[in-house]
Amino acid sequence: MMSPPVRKLMLTVHVASSVGWLGAIAAYLALNVPALASNNEQNVRAAYLMMEPVMRYALIPLAATSVATGVIQALGTPWGLFRHYWVTISLALTTFAFAILLLHLPAVEDLTAAAMDPTADVDELGGDLFHSVGGLVVLLVPLVLNIYKPRGLTRYGWRQAQRRSAEPSAAG
Amino acid sequence: MTDRQRSPDKTTAAHPGLPRWVKLLALGTVVVVAVLIVAMLLIGGEHRPGMHNA
């Protein structure tokens, strides 16, 4: 188990990176507004050009930090990683979102490369609204779970708790 | 975002099974995934940026 100061530090980094991840999604989502709605071609190109750096230098590092510190927090506290449904589901959803993020990077690089080509018709690119909205929706679930911490032990967590509660009587 | 706001290890004699909120979340996930699969089939199964705005 982590000491209280380390635990507070990890919690601070975890909250900051998780909120930052959501904020970076909002920024990515905002880039889709001019990409899809602007009549100014330069604005449209600029929006597409920014998608790749936002993803590479904001979304991915923040997501990696959020997932890593979440795992450390869970393992270093009595909550554990697979004892409570809300922790396990949060881990599954954030890992899924992070994997999709990494797998989606080449497609966003293609979008940016196409927007850099002055002969390309940027109206044909069609934005990237689905993935940004999807990512936001997926990540709102762990956000709610982490705040409300709904009750419910997994079978593994339940067995562990049973063993722990049996330990004092066995020793005595 | 784990912390010590709540005692994590309250148990009963037998495992109570899946909590209701987990069942609802699973149901919602299945519905969303099914809708996405149908949507992808309708647009030809292509998966790339821009496919959703044609």
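On average, residues of chain B score 75 in pLDDT, and 59% of them reach the 70 mark or higher. ipTM for the predicted complex: 0.79, alongside a pTM of 0.84.

Okay, unusual backbone geometry next. Positioned with a positive phi, K149 of chain A is a non-glycine residue whose angle comes to about 45°. A relative accessible area of 4% places K149 of chain A in the buried class.

Residues and elements named next belong to chain A. If you look at the biggest cluster of nonpolar residues, it comprises 27 residues, and the most contacted ones within it are W21, Y48, M51, M55, L59, F98 and L101. Counting residues per element, the ones that place at least two in this core are α1 (4-37), α2 (41-75) and α3 (85-116). Here the element with the most residues in this core is α2; it accounts for 10 residues. Contact partners of F98, with chain neighbours within four places excluded, come to W21, I60, A63, A64 and V67. In terms of nonpolar packing, the next biggest core, distinct from the first, is built from 10 residues, W79, W86, I89 and L145 among them.

Residue and element names in this part refer to chain A. Together, L36, L129, V133 and V137 make up a nonpolar patch on the protein surface, roughly 290 Å² of accessible area in all. Per element, the largest residue contribution to the nonpolar patch is 3 residues, and it comes from helix α4 (residues 129-148). Checked against the element boundaries, L129 lands in helix α4. By relative accessible area, L129 is classed as partly exposed at 31%.

Looking now at the packing of aromatic side chains. Residues and elements named next belong to chain A. With the rule as written, the count across this model stands at 1 aromatic pair over all chains. Consider the rings of W79 and W86, whose centres lie 5.2 Å apart with planes at 75°: the pair is edge-to-face. What makes W79 buried here is its relative accessible area of 3%. A residue is classified by how much of its surface remains accessible, and W86, at 1% relative accessible area, is buried.

Okay, the pattern of salt bridges next. All names here are of chain A. Taken as a whole and assessed by the stated rule, the structure comprises 3 salt bridges over all chains. A salt bridge links E52 to R56; the nearest nitrogen and oxygen atoms lie 2.6 Å apart. With a gap of 4 residues between them, E52 and R56 both fall in helix α2, about one helical turn apart. Of the residues examined, R56 reaches a relative accessible area of 29% and is grouped as partly exposed. Across the pair R56 and E109 runs a salt bridge whose closest N-O atoms are separated by 2.2 Å. In this pair, R56 is assigned in helix α2 and E109 in helix α3, connecting sequence segments 53 residues apart. A relative accessible area of 30% means that E109 is categorised as partly exposed.

The rules we used
- Residues numbered from 1 in each chain as written.
- Chains lettered and ligands numbered in written order.
- Predicted model: local features only at pLDDT ≥ 70, side-chain atom pairs only at ≥ 80, totals over all residues.
- Heavy atoms only, no water.
- pLDDT = per-residue confidence, 0-100.
- Buried < 20%, exposed > 50% of the residue type's maximum accessible area, 1.4 Å probe, protein only.
- Core = buried A, V, L, I, M, F, W, Y, C linked by side-chain atoms within 4.5 Å.
- Helix = DSSP H or I, 4+ residues; strand = E, 2+ residues; numbered from the N terminus.
- Contact = heavy atoms within 4.5 Å.
- Patch = residues over 30% accessible without salt bridge, like charges linked within 9 Å, V, L, I, M, F, W, Y side chains within 5 Å.
- Areas by Shrake-Rupley, 256 points an atom, 1.4 Å probe, with all protein chains shown as cover.
- Salt bridge = Lys/Arg side-chain N within 4 Å of Asp/Glu carboxyl O.
- Phe/Tyr/Trp six-rings, centres within 6.5 Å; stacked < 30°, edge-to-face > 60°.

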